[in-house]
Structure formats: C-alpha cells, structure tokens
Amino acid sequence: MDRLRCMQAFVAVADLGSFARAAEQLDVSAVMVGKYVQQLEAHLGTALLQRNTRRQRLTEAGTAYLAGCRQVLEQVQHVEASVAGLQLQPRGLLRISAPSTWGSCVLAPALASLLEAQPLVNIELDLSNRTVDLIEDGFDATIRVGPLPSREVVARPLPPYAMSLCASPDYLRRKGTPRDPADLAQHECLSHLSWRGGHGWRLANGDAVDWEPRARLSSNDGQALRQAALAGAGLVLQPTALLGEDIAAGRLVTVLADHVPAARPMHLIYLPDRRPRPRLQCFVEFLMERFPVTPEVR
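As the structure is a computational prediction, the values presented were derived from the model and not from experiment.

**Student:** So what's going on with the overall build of the protein? Which residues, and what values?
**Tutor:** Assigned secondary structure in the protein consists of 9 helices and 14 strands. Among the 298 residues that make up the protein, the fraction classed as buried is 39%. Taking contacts inside the protein between residues at least 6 apart in sequence as the whole, the part at least 24 apart equals 71%. Approximately 16900 Å² of the protein is accessible, and the part contributed by carbon and sulfur atoms is 49%.

The structure is reproduced here in structure tokens:
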C-alpha cells in the first residue's frame, strides 16, 4: 500500500466532499480514490467515512486521522521543498585538487570572487602535483596537466600549462644572454629537485634536447627558485603562472624562447553526473568563464 498516496486521497475526499471531485484533483478515477480510502480503513481497522448515495461525513476516527494526515503531508511537502532547494542553490563543501604552482598562483586568488558570489559554498583546495583519484580520494574535481586519465570522465580544457626560461636583468648584465642551449654551460642554472633527479632541463627546438646543467642551487620549491632568480642567482625554468608577473614587470627577462618546452594541455576533470550538483556546476561554470580557451588551442 502506498500510504502517502492513500492519505492524499483521504484528505482530498474530506476537503472536497466527494470521491468524484477528489479524483479530478488527483487525476485518477473515482474508483481508485475509493480503493485508496478502503486500503486505509483496512489498515487502520476502522471506518474513516460514513457514506451513502447522497452524502458522506467523517467518523470520529476519521476526524482524528485527518488532522494527523495533514501534518504528515505538510511535513513531506516541507522536506521535498528543502531537497529541491538543495538541488538549485549551490551549497556545501567543494573539494578541489590542483597543481601546486598553478593552484597557488592562479586558482587560489581567483576563488575569492567565487566565494563572494556563492556564500553557501565552502572550498577545500588541495595543492599537489600527484595524480588523484576522484572517487578514492574524495575530490569533486581536479585540474590535471598532461595526458587525460583512461577512466571515463568529463574533461573541460583550460589554457595550456606553459613554461618560461628567464633571469634577472642584473644577472644577464653580469653573465651575458645565452643565444643557444650550448651557451648554458657558461651559466648558473637553478634546478628543481623533482625534475629528473634534480639534473637537467628538457629543452626543445624541433627535436627534444636534453641538457645536463651544473646546478649550484637546487630546490624542491618553485617559489624558492623564483626568489633566487630575482636576486640574480641564475637562470630559472618554471611555469609561466609563477613567473608571468615578474616578466611583465621587467623583473625577469625571458631567454631562449625557441627552446622552451612546449606548453602542455591542462583540463578540469570531474565525474559525469546525470544531475550535476549545483556546487560543482557553479565551479565548472566559473572556471570556464574565468579561464577561457581560445579556439586555436583547443
């Protein structure tokens, strides 16, 4: 027995005064309305309505049961309205994974406007260069650089992840500007420890060129290498997301532009959902609008 449907039929009959009018409101037959009421009476073991060919009225039990039915149905409507509101209003915790440098330099500052626009959304931003599993690690979405995962996911393109090779004007005045990768043997090159054991940059000019620098300063942190380059310690090869403002301001000068590694594809990745959660949907729309991809790089 569909208890709620039976209650709806009983309340409609009591309010409208007839099975026919209740049937019209519920868009079912009058016979079906009668069956709903009969099922309730059989379940309760008592009559709820006294009826003849011309009229009907509530029994004492029916009057008491009607008040309870109204409360139950109102509560159901309230709960359903609350759930419907959750489906429309972005709210709750959004867990995002992003590459360390891009996440800290580009995404984190941008999220301020999203938080202002969505006051019911909280964001947990995990910055790591590891590849996360959306399900096992419990993330709503991840920004990934490089090849897409084999698992069936939704992948939305973001601007490619570009690199820059540069040095401070002071360093270039003292050491000169390299014109060819072979010139790097005469320069101080700042190396990241995570790249090939801390040795070498993978430069490119048509065919890839591996060059093993003599790195007097290595670090596992790109920000540390940036600061060292700004202080004139040497050449730095790091993401443009980290160095772009310094290059634009003239604090760093790009060199060997034709030999910088090609920009790698970057995507926003999340699992497909027939009914996308509003908090995830608002994040996806925000990123696509904030970081559009021009047609030529799609």
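**Student:** Describe in detail unusual backbone geometry, supporting the description with residues and values.
**Tutor:** Non-glycine residue D27 carries a positive phi angle of around 60°. For D27, the position within the fold is in the loop between α2 (19-26) and α3 (30-44). Residue D27 is classed as exposed on the basis of its relative accessible area, which comes to 70%. Phi at L256 is positive, roughly 50°, even though this residue is not glycine. Its relative accessible area of 7% is what places L256 among the buried residues.

**Student:** Could you give an account of the sheet that holds strand β3 (residues 92-98), with specific residues and numbers?
**Tutor:** The mixed open sheet is built from 5 strands, whose spatial order is β4-β3-β5-β14-β6. Each edge of the sheet is formed by a strand with only one pairing partner; in this case those strands are β4 (121-127) and β6 (154-161). Adjacent strand axes in the sheet meet at a mean angle of 20° when their direction is disregarded. The sheet contact formed by β6 and strand β14 (residues 264-270) spans 6 bridges and is antiparallel. Bridge pairing links Y161 to R264 in β14. Those strands touched by helix α5 (residues 100-117) are β3, β4, β5 (141-145), β6 and β14, and its axis lies near 175° from that of β4.

**Student:** Account for the packing of helix α1 (residues 3-16) against α2, with residues named and values stated.
**Tutor:** One way to put it is that α1 packs onto α2 with a least axis distance of 8 Å and a crossing angle of 125°. Of the possible angle classes, the one that applies to α1 and α2 is oblique. Between α1 and α2 the crossing geometry is right-handed. Across the interface between the two elements, R5, Q8, A9, A12, V13 and L16 of α1 pack against F19, R21, A22, Q25 and L26 of α2. Here the residues of the contact of α1 with α2 sort into 7 nonpolar, 2 polar and 2 charged.

**Student:** Break down α2 for me, with residues and values.
**Tutor:** Those residues of α2 that sit buried are F19, A22, A23 and L26. Mapping the buried residues of α2 onto a view down its axis gives an arc of 100°, with all of them on the same face. Exposed and facing more than 90 degrees away from the buried side of α2 are R21, E24 and Q25. If you follow the buried residues of α2, they end up packed against α1, α3, β1 (49-51) and β2 (56-58).

**Student:** Can you break down the pattern of salt bridges residue by residue, with the values?
**Tutor:** Counted according to the given criterion, the structure contains 8 salt bridges. As a salt-bridge pair, R174 and D170 come within 3.2 Å of each other at their nearest N and O atoms. Note that R174 and D170 are positioned in helix α6 (residues 169-175) at a spacing of 4 residues, about one turn of the helix. A residue is classified by how much of its surface remains accessible, and R174, at 48% relative accessible area, is partly exposed. Judged by its relative accessible area of 36%, D170 falls in the partly exposed class. One salt-bridge network, held together by shared partners, links R226, D246 and R251.

**Student:** Describe in detail the environment of E60, supporting the description with residues and values.
**Tutor:** Within the element layout of this structure, E60 appears in helix α4 (residues 60-88). Separated by 13 residues in the primary sequence, E60 and A47 place their C-alpha atoms 9.0 Å from one another.

**Student:** Outline the nonpolar core, supporting the account with residue identities and numerical values.
**Tutor:** With 39 residues, the main nonpolar core has W102, I143, L158, L235, L268, F283 and L287 as its most contacted residues. Looking at which element gives the most residues to this core, the answer is helix α9 (residues 278-290), with 7 residues. Counting residues in each nonpolar core, the second largest holds 21 residues, with M7, V33, Y36 and L48 among its members.

**Student:** Quick rundown of the pairing of β3? Include the residues and the values.
**Tutor:** Consecutive side chains of a regular strand alternate in pointing toward one face of the sheet and then the other. Here 7 bridges tie β3 to β4, and the two strands are oriented parallel to one another. Within β4, the position partnered with L93 by the bridge is N122. In terms of handedness, the path from β3 via α5 over to β4 forms a crossover that is right-handed. Two elements, β3 and β5, share 2 bridges in a ladder whose sense is parallel. Looking at β5, one finds that I96 is bridged to A141.

Reading the values: rules and limits
Residues numbered from 1 in each chain as written. Predicted model: local features only at pLDDT ≥ 70, side-chain atom pairs only at ≥ 80, totals over all residues. Heavy atoms only, no water. Helix = DSSP H or I, 4+ residues; strand = E, 2+ residues; numbered from the N terminus. Buried < 20%, exposed > 50% of the residue type's maximum accessible area, 1.4 Å probe, protein only. Contact = heavy atoms within 4.5 Å. Areas by Shrake-Rupley, 256 points an atom, 1.4 Å probe, with all protein chains shown as cover. Pairing = 2+ DSSP bridges. Axes fitted to C-alpha atoms, helices over the stretch in contact; angles between N-to-C directions. Parallel < 35°, antiparallel > 145°, perpendicular 65-115°, else oblique. Left-handed = near helix turned anticlockwise from the far one by under 90°. Nonpolar A, V, L, I, M, F, W, Y, C, P; charged D, E, K, R; others polar. Arc of directions from axis to C-beta. Salt bridge = Lys/Arg side-chain N within 4 Å of Asp/Glu carboxyl O. Core = buried A, V, L, I, M, F, W, Y, C linked by side-chain atoms within 4.5 Å. Right-handed = clockwise from strand over helix to strand, strands pointing away.

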